[in-house]
Amino acid sequence: QVQLVESGGGLVQAGGSLRLSCAASGRTFTRHGVGWFRQAPGKERRFVAAINWSGTSTYYADSVKGRFTISRVNAKNTVYLQMNSLAPEDSAVYYCAARTGYNYYIRSDEYDYWGQGTQVTVSS
């Protein structure tokens, strides 16, 4: 059992930056792949970024590539999502997810644990 808590969301102007955090409980977090997803009102939940258990491999959705960076500090049981050059279309509830495994995962149904989400709103 892994519990995830996202934080760091808020209101930011277009072109600004936010850093989201995903804090996990349990000693097994170091053996989990972690991903970020987002869901805008009336839209499906979509993949944003993923990182493998060791932090050596990352993968990004095309829409955020070059702007967002996922990283992790396993000793702190925390995964981060640095979001730069934000645009209104990035507005959504952002969710952190985790699953046991050495790889990164990009499908929502591959994940076992989910956080409660944190709201990101980008104004124009």
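Everything here concerns the structure above.
On to the overall build of the protein, then. When you go through the protein residue by residue, the secondary structure sums to 0 helices and 11 strands. Reading the protein from its N end, one meets helices and strands in the order β-β-β-β-β-β-β-β-β-β-β. In terms of overall dimensions, the protein is globule-like: its C-alpha atoms have a radius of gyration of 13 Å, near the 14 Å expected for 124 residues. Along the first, second and third principal axes, the C-alpha set of the protein runs to 40 × 25 × 25 Å. Taking all 124 residues of the protein together, the buried fraction comes to 46%.

Residues Phe-68, Ile-70 and Arg-72 point to one face of strand E7 (residues 68-73) and are all buried, whereas Thr-69, Ser-71 and Val-73, pointing to the other face, are not buried. Sheet topology note: the E7/strand E8 (residues 78-83) ladder contains 6 bridges and is antiparallel. Within E8, the position partnered with Ile-70 by the bridge is Leu-81. The hairpin turn running from E7 into E8, its antiparallel successor, is 4 residues long, and Asn-77 in that turn takes a positive phi close to 55°.

A few words now on the sheet that holds strand E1 (residues 4-7). Strand order in this open sheet of 4 strands is E1-E3-E8-E7, and the pairing throughout is antiparallel. With partners counted over all chains shown, the strands left at the sheet margins are E1 and E7, one partner each. Between one strand axis and the next, the sheet turns by 15° as a mean value, whatever way the strands run.

With that out of the way, let us pick up the nonpolar core. Nonpolar side chains in soluble globular proteins tend to end up buried together. Within the largest apolar cluster, 34 residues are counted, with the highest numbers of intra-cluster contacts made by Trp-36, Leu-81, Met-83 and Tyr-94. Elements supplying a minimum of two residues to this core: strand E3 (18-24), strand E4 (32-39), strand E5 (46-51), E7, E8, strand E9 (92-100) and strand E11 (118-123). The residues contacting Met-83, other than those within four sequence positions of it, are Gly-16, Ser-17, Leu-18, Leu-20, Arg-67, Phe-68, Tyr-94 and Val-120.

A word on the pairing of E11. Side-chain alternation along E11 places Thr-118, Val-120 and Val-122 on a buried face and Gln-119, Thr-121 and Ser-123 on a face that remains uncovered. As defined by bridge partners, strand E2 (residues 10-13) adjoins E11 across 4 bridges and the pair is classed as parallel. Looking at the pairing, Gly-10 lines up with Val-120 of E11. In this structure, E9 lies alongside E11, joined through 3 bridges in antiparallel fashion. Looking across to E11, one finds that Ala-92 is bridged to Val-120.

When charged atoms on two side chains of opposite charge get close, those side chains can pair. Applying the stated criterion across every chain yields a total of 5 salt bridges. For the salt bridge of Asp-109 with Arg-107, the shortest nitrogen-to-oxygen distance reads 3.3 Å. Looking at Arg-107, the relative accessible area reads 49%, which means it is partly exposed. Glu-110 is the salt-bridge partner of Arg-107, the closest N and O atoms lying 3.6 Å from each other. Looking at Glu-110, the relative accessible area reads 17%, which means it is buried. In this structure, a network of salt bridges that share partners links the residues Arg-38, Arg-67 and Asp-90.

Rules used in this analysis
Residues numbered from 1 in each chain as written. Predicted model: local features only at pLDDT ≥ 70, side-chain atom pairs only at ≥ 80, totals over all residues. Heavy atoms only, no water. Helix = DSSP H or I, 4+ residues; strand = E, 2+ residues; numbered from the N terminus. Rg over C-alpha atoms; globule rule 2.2 N^0.38 Å. Buried < 20%, exposed > 50% of the residue type's maximum accessible area, 1.4 Å probe, protein only. Pairing = 2+ DSSP bridges. Axes fitted to C-alpha atoms, helices over the stretch in contact; angles between N-to-C directions. Core = buried A, V, L, I, M, F, W, Y, C linked by side-chain atoms within 4.5 Å. Contact = heavy atoms within 4.5 Å. Salt bridge = Lys/Arg side-chain N within 4 Å of Asp/Glu carboxyl O.

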